[in-house]
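# Structure at a glance
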Amino acid sequence: MRAVSTANVAITDRVYVKNARRLSSRMDRNMPRNVFSGAALDILYSTDEIEKLDAGTRDALLEFVTDFMDCDHDNAPYCGCPERKFVRHLIELRREGMSPSRIVEALEAEYGLYAYEGDVLDFLDTSVRSLEAIEEVADTLAEYETRDEARRLRDDIVGSRQ
Ligand SMILES: [Zn+2]
């Protein structure tokens, strides 16, 4: 594990729409680079603008909408669900044994997004440290079930770091 990281920057601030400028020129809206920025979520949520894109890009972005934006909250898509679901997805990919570079490839193939391997690695490291903190607190409080669950999850994330 690396001692220094950009831990206070959320991974969701560092996930980008591929070819955002090209997409903007095909829509009547400006697609921001960061897929979790309010304006980008707004475009994705209404889906009208996405219909104007080529089939490959459209399908990838609709996949993102289906997987991460399918909640019924009044304040959707600003309810925090997309970010939470996405982070959970990253953890799941890691638990399936994917390296950060494989995770980056999967995001591109599935959703037409890109991220940097180093940022994914930082995110995983940060998650491991958070889980360690949870383990410690849970142990102190004799919440052994929580402690063991945190430990299992941490072991899965650490896995075989490639
Ligand atoms: Zn929600």
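As a starting point, this report considers the structure included with it. (Residues numbered from 1 in each chain as written. Predicted model: local features only at pLDDT ≥ 70, side-chain atom pairs only at ≥ 80, totals over all residues.)

### Here we look at the overall build of the protein
For the protein, the helix and strand inventory stands at seven helices and two strands. Overall, the protein shows an N-to-C arrangement of helices and strands of β-α-α-α-α-α-β-α-α. Dimensions along the principal axes, computed over C-alpha positions, put the protein at roughly 55 × 35 × 25 Å. By residue count, 23% of the 162 residues in the protein fall in the buried class. Looking at the protein alone, contacts between residues at least 24 apart form 47% of all its contacts between residues at least 6 apart. (Helix = DSSP H or I, 4+ residues; strand = E, 2+ residues; numbered from the N terminus. Buried ≥ 20, exposed ≤ 12 C-beta atoms within 10 Å, placed from the backbone. Contact = placed C-beta atoms within 7 Å.)

### Comments concerning helix α2 (residues 38–46)
Of the residues making up α2, those classed as buried are A40, L41, I43 and L44. Angularly, the buried residues of α2 cover 160 degrees about the axis, an arc narrow enough to put them on a single face. The exposed residues of α2 that point more than 90 degrees off its buried face are G38 and A39. Of the residues flanking the end of α2, it is T47, one or two places downstream, whose phi is positive at about 60 degrees. (Arc of directions from axis to C-beta.)

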